Amino acid sequence: MTDSRALAEAFNEVFGREPEGVWHAPGRVNLIGEHTDYNDGFVLPFALGLGVSVAAARRGDGVVEVRSRQAAAAVTAPVDGGPVVSEGWPPERAWAAYPVGMARVLREHGTGGASLLIDSDLPQGAGLSSSAALECATALALCDLHDVAVDRPALARLAQRAENEQVGVPCGPMDQAASLLCTAGHALLLDCRSGLSSQVPFAPAGSGMTLLVVDTRAAHALAGGEYARRRAECEEAAALLGVAALRDVKDLAGALGTLRDPVLRRRVQHVVTENHRVEATVGLLRAGAVTELGAMLNASHLSLRDQFEVSWPEADATVDAALRAGARGGRMVGGGFGGSVLVLTAADRAARVRDAVAAAYAERGWTAPEFIEAVPSAGASRVTPA
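Residues numbered from 1 in each chain as written. Predicted model: local features only at pLDDT ≥ 70, side-chain atom pairs only at ≥ 80, totals over all residues. Heavy atoms only, no water.

Notes on the overall build of the chain
Point 1. The number of helices and strands found in the chain is 11 helices and 12 strands.
Point 2. At 21 Å, the chain has a C-alpha radius of gyration in line with the 21 Å of a compact globule built from 386 residues.
Point 3. When its C-alpha atoms are laid out on the principal axes, the chain stretches across 60 × 50 × 40 Å.
Point 4. In the chain, buried positions account for 56% of the 386 residues.
Point 5. Taking the contacts inside the chain whose residues are at least 6 apart along the sequence as the reference set, 73% of them involve residues at least 24 apart.
Point 6. Taking the average location of the 35 positive side-chain charges in the chain and that of its 45 negative ones, the two points are 3 Å from each other. (Helix = DSSP H or I, 4+ residues; strand = E, 2+ residues; numbered from the N terminus. Rg over C-alpha atoms; globule rule 2.2 N^0.38 Å. Buried < 20%, exposed > 50% of the residue type's maximum accessible area, 1.4 Å probe, protein only. Contact = heavy atoms within 4.5 Å. Lys, Arg positive; Asp, Glu negative; His and termini not counted. Charge placed at Lys NZ, Arg CZ, Asp CG, Glu CD.)

This is the structure we're talking about:
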């Protein structure tokens, strides 16, 4: 986690006054349940120890001024503006659409202007939901600064709305819910239709296991057309099947027989079976069978690769090398087309797995991957003052 004292001091240097607080929101890894969220299905993410921190103070002029320690450009924008996506911001300002968009959505609930200084220790483009972490840290800061009370599940929905309407990314509710609702030592079972969630005990180290997040260094961007295309395909399939969302498909064989388009059949097969994998994984976790999760991860990866077609060469090579080195399982995580891979391995094999993956990249002449040991951590909170 970012040093909150150092961030507060940096805020003073930038804005010439003390911040009123520092807030932190974590990135996330989805254990299983990929591309099920916007299909009203089930997901099982957990929070990382890494994330986004925001030092902030109120402004009385109806303006949000945003600066980042990872970007040179400063952005100042009115809180009462329309969707950021419609304003044609240049690429160097694009990162600021997330906090500005969050401020514009929350203005309807009584928040106002603020000065924000952002810091992050999440790797960019790794598919660990830095955008949702930025939205959620900003949301907590603005609500606290302006004494606006919004409960966590509702705030997660507002953060999702900010990304959908303000930034133009048609994401589901998972990332924002994970950042705001996760607790340490647990994964979050989230029903993306009802918004109901429950905490599922998940402590890999207690079973002698290690979770590795492998940043493949192939950056991804959800604002690209492929993510939106997958969502549109799922919506088309649901309409043809006469259901509100693919979560409602109960007879998979019948659904596949109804659909003529082979692409839509593949999309449906992934979403329906992935929801089943989430339920099976929850059962394993509640039974304390962490060591048995590998088969679920492997099946998910194959489905994402072959049925949903969102994997990428580095992800496939990572999973293959990790399994050959003795890992229990692995799969791509996130929206796809770049980002990270999650690998489950016995703790005493973790070094061997890392070496094998690194060697596979070197053989192909790829940029070396980066490894993060993933420990299920706490959700967003105010860091200082306590």
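From this point, things continue past the structure.
Side note on the side chain of Thr216
Point 1. Along the chain, Thr216 turns up in strand β8 (residues 209–218).
Point 2. A polar contact of 3.1 Å, which involves the side chain of Thr216, links it to the side chain of Trp312.
Point 3. A polar side-chain atom of Thr216 sits 2.7 Å from the main-chain carbonyl oxygen of Gly339.
Point 4. For Thr216, the contacting residues outside a window of four places in its chain are Trp312, Glu314, Ala315, Thr318, Gly339, Ser340, Val341 and Tyr361. (Polar contact = N/O pair within 3.5 Å; in protein donor to acceptor, adjacent residues only side chain to side chain.)

Here we look at the packing of aromatic side chains
Point 1. On inspection of all chains with the given rule, the structure shows 4 aromatic pairs.
Point 2. With a centroid separation of 5.6 Å and 70° between ring planes, the pair formed by Phe46 and Phe202 is classed as edge-to-face. Taken as a pair, Phe46 in strand β2 (residues 42–59) and Phe202 in the loop between β7 (197–201) and β8 lie far apart in primary sequence, 156 residues in all. Of the two residues, Phe46 and Phe202, both sit in the buried class.
Point 3. Here the aromatic rings of Tyr361 and Trp366 are separated by 5.2 Å at their centres, their planes lie at 85°, and the arrangement is edge-to-face. (Phe/Tyr/Trp six-rings, centres within 6.5 Å; stacked < 30°, edge-to-face > 60°.)

Section: unusual backbone geometry
Point 1. Of note in the backbone geometry, Arg217 takes a positive phi value of approximately 70° without being a glycine.
Point 2. Following the sequence through the fold, Arg217 ends up in strand β8.
Point 3. Of note, the phi angle at Phe337 is positive, near 60°, even though the residue is not glycine.
Point 4. Mapped onto the fold, Phe337 is located in the loop between β9 (329–333) and β10 (339–346).
Point 5. Look at Phe337 and you get partly exposed, because its relative accessible area is 33%.

A short note on the pattern of salt bridges
Point 1. A complete count under the given rule lists 24 salt bridges for this structure.
Point 2. We note a salt bridge from Glu309 to Arg267, for which the minimum N-O separation is 2.8 Å. Remark: Arg267 occurs in helix α8 (residues 262–286) and Glu309 occurs in the loop between α9 (294–306) and α10 (313–324); sequence separation between them is 42 residues.
Point 3. A relative accessible area of 31% means that Glu309 is categorised as partly exposed.
Point 4. It is possible to trace a salt-bridge network through shared partners that takes in Arg59, Asp61, Glu65 and Arg67. (Salt bridge = Lys/Arg side-chain N within 4 Å of Asp/Glu carboxyl O.)

Description of the packing of α10 against helix α11 (residues 350–364)
Point 1. For the pair α10 and α11, interaxial distance at closest approach is 8 Å and the crossing angle is 135°. As summarised for this structure, α10 and α11 are arranged oblique, according to the angle between their axes. Seen from above, α10 lies across α11 with right-handed handedness. On α11, the residues that touch Glu314, Ala317, Thr318, Ala321 and Ala322 of α10 are Val353, Ala356, Val357, Ala360, Tyr361 and Arg364. (Axes fitted to C-alpha atoms, helices over the stretch in contact; angles between N-to-C directions. Parallel < 35°, antiparallel > 145°, perpendicular 65-115°, else oblique. Left-handed = near helix turned anticlockwise from the far one by under 90°.)

Considerations on a negative patch on the surface
Point 1. Residues Asp3, Glu9, Glu13 and Glu18 make up a contiguous surface patch of negative charge.
Point 2. Counting through the fold element by element, Asp3 comes out in the segment before α1 (4–15).
Point 3. Accessibility expressed as a relative area gives 48% for Asp3, which makes it partly exposed. (Patch = residues over 30% accessible without salt bridge, like charges linked within 9 Å, V, L, I, M, F, W, Y side chains within 5 Å. Areas by Shrake-Rupley, 256 points an atom, 1.4 Å probe, with all protein chains shown as cover.)

Topic: the sheet that holds β9
Point 1. Ordered by their spatial adjacency, 4 strands build an open sheet running β9-β10-β8-β11, and the pairing between neighbours is antiparallel. The outermost strands of the open sheet, each flanked by one partner alone, are β9 and β11 (370–373). Between one strand and the next, the sheet's axes are offset by a mean angle of 25°, whatever the strand orientation.
Point 2. By the bridge criterion, 8 bridges tie β8 to β10 in an arrangement that is antiparallel. (Pairing = 2+ DSSP bridges.)

What is shown is where atoms sit, not what they do.
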